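Given next are the chains, with one letter for each unit.
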Amino acid sequence: MNPIAENIKQRLSLRKPLQEALDILAHLSGELELKKEVDLITELEKVRTLYPTCTDFERDFVSICYSIATGVGKTRLMGACIAFLYLEKGIKNFFVLAPNLTIYNKLIEDFGNSSNPKYVFNGIADFVHNKPVIITGDNYNQVSSLFSETEIRINIFNVSKFSREIKPTKEGGKNMAPRIKRLSEYLGQSYWDYLSNLNDLVILMDEAHRYHADKSKEAINELKPILGIELTATPIDEKGNQFRNVVYEYSLAQALADGLYVKNPTIAKRMDFTTHGRSEEEIEKIKLVDAVSIHEDTKQELILFAKRTGKKIVKPFILVVCRDTTHAKSVYDFVTSGDFYEGTFAEKVLQIDSTTRNEELIEQQFISLEHEENEIEIVIHVNMLKEGWDVTNLYTIVPLRAANASILVEQTIGRGLRLPFNGERTGNEKVDKLTVVAHDNFDRVLAAAQDPNSILSKLKFVEIDPAKLNERVEVVTSQNTIVLNLQKEQEAVNNIQDTTQKRKQQNIVDAKSILISVIPFFNTNSQVKKVDDLNKPEVKKQVMEAVQYELSTGQGNLFANQIFEEAEGLYEKFVSDFKKNIIEIPRMDLVQGETTASFDDFDLDSKDFSYEQLNEEIVRIGLKDNSYDVIGVKAGVSFGSPVKLLISELINNPEIDYDANADLLFKLSRQAVEKLQANLKDGDDLKTIVFQSRGFIAKKIFLQMMDHFHLNEPPYIKPNVKPFTEIKEWHFTSLKNDGIKGYRDDSFPAVLVPKYVFRGFEKSCHFEYKFDSRTEQTLSYILENDKEVLKWLRPAPDQFRIYWNHNSKIYEPDFVAETANCIYLIETKKANDVDLNEIQSKALAALKYCNYASGYTAEHEGKPWKYVLIPHDQVTKTSSFKGIVSQNIFKQKA
């Protein structure tokens, strides 16, 4: 492994395919001469020996190609290659070709703006003080520090502009060299000559299939680089021929199979849909209507995801692929008309084709679709989407062109596979999904997907219930009762007519609002061990100082003094109300310690441990007479202990820790050696056999060891416990029409429970909730009506921080309920699922939380915590809280 390459991988957080690609460059850089005027045949043989897919550089210089699927990170790989060649080989001059204006501007930003989140050199310490100089097609004759000997120089040129400017021009009636070849006041020679005479110029070609035409090759060959690095997702030239210089491939099919770096593409059609008796126009209208339904569902899910995680809001859009410009205009007229969703999209449609705008302007306008303020939600195009459309918010595609169905889908989905959240899947099915609406082509695409070599074989196929397509949802935020009550007070103030009275009440509302924002932070105060401690004079004094600070910062408030006085006067009552409307949930990060691995003790199964000694001979061939003879090798080196040789091989496996498993390693190695000794043939030497076959022998031992391998569940680290935390707000989706139910209402099928928002609660910490099942809805009825329960909560996803499964997941309990003597953490599950390993693992994590919480509250006069795991068949409206809880207190099994 190359240490510089390893450091770059770590610093740039390269994904696995990019790491493998960088390893290839590191390997080749040690084999190739990396200079001008090399013997291309010799250099090609070096590459082909290591990477047989490379059979021809296809240029007048050494040039290798990486074929990497869209969305995996080709730009980041370019940055890694530049960093490696500079740090390992001292190469300072790079020339990056962009195929169009969009990629050109993007590359300038990604390579040159260190404040850009996508800056490709983030983490490379050597580039902090010696930041690469970016030379572009717009400033190359103006950069005065261009030729410093110490700097890294990255030239970035738009190939379309580049190819235009290599033509001769005229000035004052005289033939002049094109602008890129004119004299430079800094060198006294053309910039072109300067570049082509550099002894360390490396050229990088983004979307390399754009530079395989004969004219492009000639222009690039004139630069005479020492190395070319080509990157493309489609290594096919303009004549349909496969590239012959590919050294690494990570295809779209492989990316889809891995399911890590691209969206999960799905082909969808309306359930029971048939084209029979329908015109082409009618089919297209149905597809467009259904696409909007899918789009709206995705849009609300993205808003919900952003609210729950604190991540940016991603605004999705629909891409409609049309047959020709006439067809595109017809579709545009329809979706912007009052007949389509009552004109909702009249100002939210962008048509992109040769009849609409200048191509470069189209590219820039399309890129802005990622911006939240851009109102475009539908893009109509006719074969205009080329490389550089790096938008990540395309979620729904509607192919309307009459073309080969499978080819159309394969060509189209690549435009929508990029992921919006750091280029990684989130685990949220809808956030990670790309949908292609293919009602009329669904069966043909499905048939084509039976070919295991087709990209389509990696797609999912779904039929959508028409009833679900017609459902419109919106995101609802459910505030805790403290905030909700304050909102009601604000509404009452807004209706007061008397100015003096209104000002007085507004000051009270503002005072409570500031206290709501300040008090939760005092759970870290050393004098606060429970909510009641907020009433301590010394704590109140600190809270009021925080209130004063809030009032004095920012733009200030004309009534700051009056608000402060109100806050001071109502403080004790506010603390009392605060306590009544929350459950004192101890705040802690419950995390597991380091995972350990171990092997059970066992005896080696030594069958098939029989190896023969290999002849070791030296062959000699005469250079002139081709004479041939063989000489036996005489032992001149001691091979050492056979047991230690095997152990040395075994500990190369990362699963084996020598210190922890030394006794087992010696035991198994001795048993292997004993078996080899027993099977030894006359004349064979045991030490020689072990030395010659140590890799094979160690592999057999290792495979048996892995049958006895365990990852041990790590213990939980004792947490730092805080006395309470604010009740987190809920975010969920609600049907826009008839999406609200009273919590007592069970007159509808149980399967529909997750669709509705339930209201009417008075004892809970929120006014409304959603439930995953009828069991949860029924349990909320019990909690709300049973006198044993003082107050209860359905915790938001971020209310608790209980980690489990080696800290890879966070447990989200169903309910918290407080009684006079205890607080219960509650989970409901299907009766048949209660004993599943996953359920039991989560229960053990929750039990650990309750134990730590109880330990804390016992010290500070609080209530104990207990965990309850309730089978669904014990939850009925006639069940008492005490009855179901007493039967299901969870205890760790012996």
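Residues numbered from 1 in each chain as written. Predicted model: local features only at pLDDT ≥ 70, side-chain atom pairs only at ≥ 80, totals over all residues. Heavy atoms only, no water.

## Section: the overall build of the protein chain
- Assigned secondary structure in the protein chain consists of 26 helices and 32 strands.
- Every one of the 894 residues in the protein chain was classed for burial, and the buried ones make up 50%.
- Long-range contacts, defined as pairs at least 24 residues apart, comprise 71% of the intrachain contacts of the protein chain with a sequence gap of at least 6.
- Total accessible area computed for the protein chain in this model is approximately 43,700 Å², and 47% of it derives from carbon and sulfur atoms. (Helix = DSSP H or I, 4+ residues; strand = E, 2+ residues; numbered from the N terminus. Buried < 20%, exposed > 50% of the residue type's maximum accessible area, 1.4 Å probe, protein only. Contact = heavy atoms within 4.5 Å. Areas by Shrake-Rupley, 256 points an atom, 1.4 Å probe, with all protein chains shown as cover.)

## Some points on the packing of aromatic side chains
- Within this structure, the stated rule accounts for 32 aromatic pairs.
- Ring centres of Phe-111 and Phe-121 lie 5.8 Å apart, and the angle between their planes is 65 degrees; on these two criteria the pair is classed as edge-to-face. Placement of Phe-111 in helix H5 (residues 101–112) and of Phe-121 in the loop between H5 and helix H6 (126–129) is noted, with a sequence separation of 10 residues between them.
- Classification of Phe-111 by relative accessible area gives buried; the value is 1%.
- Here the aromatic rings of Tyr-119 and Phe-121 are separated by 5.8 Å at their centres, their planes lie at 85 degrees, and the arrangement is edge-to-face. Neither residue differs from the other here; Tyr-119 and Phe-121 are each classed as buried.
- Grouping aromatic residues by their ring pairs yields a cluster made of Tyr-743, Phe-748, Tyr-756, Phe-758, Phe-761, Tyr-769, Phe-771, Tyr-781, Trp-792 and Phe-815.
- Sitting over the ring of Phe-691, Arg-694 keeps its end group 4.3 Å from the ring centre.
- The side chain of Arg-774 reaches across the aromatic face of Phe-748, ending 4.7 Å from its centre. (Phe/Tyr/Trp six-rings, centres within 6.5 Å; stacked < 30°, edge-to-face > 60°. Lys NZ or Arg CZ within 6 Å of the ring centre and 35° of its normal.)

## Some details on the pairing of strand S30 (residues 815–818)
- Where burial is concerned, the two faces of S30 agree: the one with Phe-815 and Ala-817 and the one with Val-816 and Glu-818 are both buried.
- In terms of strand pairing, strand S27 (residues 791–793) meets S30 through 3 bridges, oriented antiparallel. Within the sheet, the bridge partner assigned to Leu-793 lies in S30 and is Val-816.
- Across 4 bridges, the pairing between S30 and strand S31 (residues 823–829) is antiparallel. The residue of S31 that forms the bridge with Val-816 is Leu-825.
- Connecting the antiparallel pair S30 and S31 is a turn made up of 4 residues. (Pairing = 2+ DSSP bridges.)

## Structural notes on the pattern of salt bridges
- Summed over the entire model, instances satisfying the criterion amount to 42 salt bridges.
- The partner of Glu-612 in a salt bridge is Lys-681, and the shortest N-O contact between them spans 2.5 Å. With a gap of 69 residues between them, Glu-612 in the loop between strand S19 (596–599) and strand S20 (617–621) and Lys-681 in the loop between helix H22 (658–678) and helix H23 (686–706) connect regions that are remote in the sequence.
- A relative accessible area of 49% places Glu-612 in the partly exposed class. (Salt bridge = Lys/Arg side-chain N within 4 Å of Asp/Glu carboxyl O.)

## Things to note about unusual backbone geometry
- Positive phi values are uncommon outside glycine, yet Lys-224 reaches one of about 50 degrees.
- When you line up the elements, Lys-224 lands in the loop between helix H9 (214–221) and strand S8 (227–232).
- The backbone phi angle of Asn-807 is positive, close to 65 degrees, even though this residue is not glycine.
- In this fold, Asn-807 is placed in the loop between strand S28 (801–804) and strand S29 (809–811).
- Judged by relative accessible area, Asn-807 falls into the partly exposed class, the value being 30%.

## Some remarks on the environment of Phe-578
- Looking at the element boundaries, Phe-578 is found in helix H20 (residues 560–580).
- Classification of Phe-578 as buried rests on a relative accessible area of 6%.
- Spatially, the C-alpha atom of Phe-578 lies 8.5 Å from that of Ile-516, the residues being 62 residues apart in sequence.
- When near neighbours in sequence (up to four residues on either side) are disregarded, Phe-578 contacts Ile-482, Ile-519, Val-531 and Phe-724.

## A word on the sheet that holds strand S4 (residues 153–158)
- What the 7 strands build is an open sheet, ordered S3-S4-S2-S7-S8-S1-S9; its pairing is parallel. In this open sheet, the two strands that pair with only one neighbour each are strand S3 (133–136) and strand S9 (246–250). Averaged over neighbouring strand pairs, the angle between their axes works out to 15 degrees when direction is ignored.
- Helix H4 (residues 74–89) contacts strand S1 (63–68), strand S2 (93–98), S4, strand S7 (201–206) and S8 of the sheet and is inclined by roughly 160 degrees relative to S8. (Axes fitted to C-alpha atoms, helices over the stretch in contact; angles between N-to-C directions.)

## Structural notes on the sheet that holds S31
- Read from one edge to the other, the open sheet built from 4 strands follows the order S27-S30-S31-S32, with strand pairing classed as mixed. The open sheet terminates on both sides in strands that have one partner only, identified here as S27 and strand S32 (865–871). The average undirected angle you get between the axes of adjacent strands in this sheet is 25 degrees.

## Brief notes about the environment of Arg-76
- Its place among the elements puts Arg-76 in helix H4.
- Look at Arg-76 and you get partly exposed, because its relative accessible area is 26%.
- Expressed as a C-alpha distance, the spacing of Arg-76 and Val-120, which sit 44 residues apart in the sequence, is 5.5 Å.
- Excluding residues that lie within four positions of it along the chain, Arg-76 makes contacts with Leu-12, Leu-14, Leu-18, Tyr-119 and Val-120.

## Here we look at the side chain of Ser-734
- With respect to the element layout, Ser-734 can be found in strand S23 (residues 730–735).
- With residues near it in sequence (within four places) discarded, Ser-734 still touches Arg-472, Val-473, Glu-474, Val-476, Gly-739, Ile-740 and Val-757.

## Structural notes on the packing of helix H19 (residues 537–552) against H20
- Put simply, H19 and H20 touch, their axes get as near as 10 Å, and they point 155 degrees apart. Classified by the angle between their axes, H19 and H20 sit roughly antiparallel to one another. Seen along the crossing, H19 lies across H20 with a hand that is right-handed. On H20, the residues touching Lys-540, Val-543, Met-544, Val-547, Gln-548 and Leu-551 of H19 are Ala-560, Ile-563, Phe-564, Ala-567, Glu-568, Tyr-571 and Glu-572.
- Broken down by class, the residue content of the contact of H19 with H20 amounts to 9 nonpolar, 1 polar and 3 charged. (Parallel < 35°, antiparallel > 145°, perpendicular 65-115°, else oblique. Left-handed = near helix turned anticlockwise from the far one by under 90°. Nonpolar A, V, L, I, M, F, W, Y, C, P; charged D, E, K, R; others polar.)

## Points about the state of the cysteines
- Overall, the coordinates contain 0 disulfides when judged by the stated rule.
- Cys-65 supplies the cysteine sulfur nearest to Cys-54, a cysteine that is in no disulfide, at a spacing of 9.3 Å.
- Overall, Cys-54 belongs to the buried group, its relative accessible area being 0%.
- With no disulfide of its own, Cys-850 lies 8.3 Å from the sulfur of Cys-822, the closest cysteine sulfur.
- For Cys-850, a relative accessible area of 1% translates into the label buried. (Disulfide = S-S within 2.5 Å.)

## What to know about the nonpolar core
- Counting 93 residues, the largest nonpolar core has Leu-534, Leu-825, Ile-826, Tyr-849 and Trp-865 as its most contacted members.
- In contact with Ile-826, not counting residues within four places along its chain, are Leu-779, Leu-783, Pro-813, Asp-814, Phe-815, Ala-817, Val-868, Ile-870 and Phe-881.
- Phe-57, Tyr-104, Phe-317 and Leu-369 belong to the second-largest nonpolar core, a separate cluster that totals 84 residues. (Core = buried A, V, L, I, M, F, W, Y, C linked by side-chain atoms within 4.5 Å.)

## Remarks on the confidence of the model for the protein chain
- Per-residue confidence for the protein chain gives a mean pLDDT of 86; residues scoring 70 or more make up 85%.
- Of all secondary-structure elements in the protein chain, the lowest mean pLDDT belongs to strand S5 (residues 169–171), at 51, while S30 reaches the highest, 98.
- Confidence drops under pLDDT 50 across residues 178–188; counting only partners more than four residues distant or on other chains, this segment forms 36 contacts. (pLDDT = per-residue confidence, 0-100.)

## Looking at helix H3 (residues 40–50)
- Taken together, the buried positions of H3 are Glu-43, Leu-44 and Val-47. In an axial view of H3, the angular spread of the buried residues amounts to 100 degrees, which keeps them on one side of the axis. Seen from the buried face of H3, the exposed residues on the opposite side, beyond 90 degrees, are Ile-41 and Thr-49.
- On its buried face, H3 is in contact with helix H2 (16–29), S1 and S9.
- By the N-cap criterion, in which a side-chain oxygen at the helix start approaches the backbone nitrogen of a residue two or three places on, H3 is capped by Asp-39, the distance to Ile-41 being 3.0 Å. (Arc of directions from axis to C-beta. Polar contact = N/O pair within 3.5 Å; in protein donor to acceptor, adjacent residues only side chain to side chain.)

## Topic: the side chain of Lys-728
- Relative to the elements of secondary structure, Lys-728 occurs in the loop between strand S22 (709–712) and S23.
- Classification of Lys-728 as buried rests on a relative accessible area of 18%.

## Focus on H4
- An ideal rise of 1.5 Å per residue puts 22 Å on 16 residues; H4 measures up with 22 Å between its terminal C-alpha atoms.
- The buried count for H4 comes to 12 of 16 residues, which makes it a mostly enclosed element.
- Buried residues of H4: Lys-74, Thr-75, Leu-77, Met-78, Gly-79, Ala-80, Cys-81, Ile-82, Ala-83, Phe-84, Leu-85 and Tyr-86, and no others.
- Just downstream of H4 lies Gly-90, where phi reads positive at about 75 degrees. (Expected span 1.5 Å × (residues − 1).)

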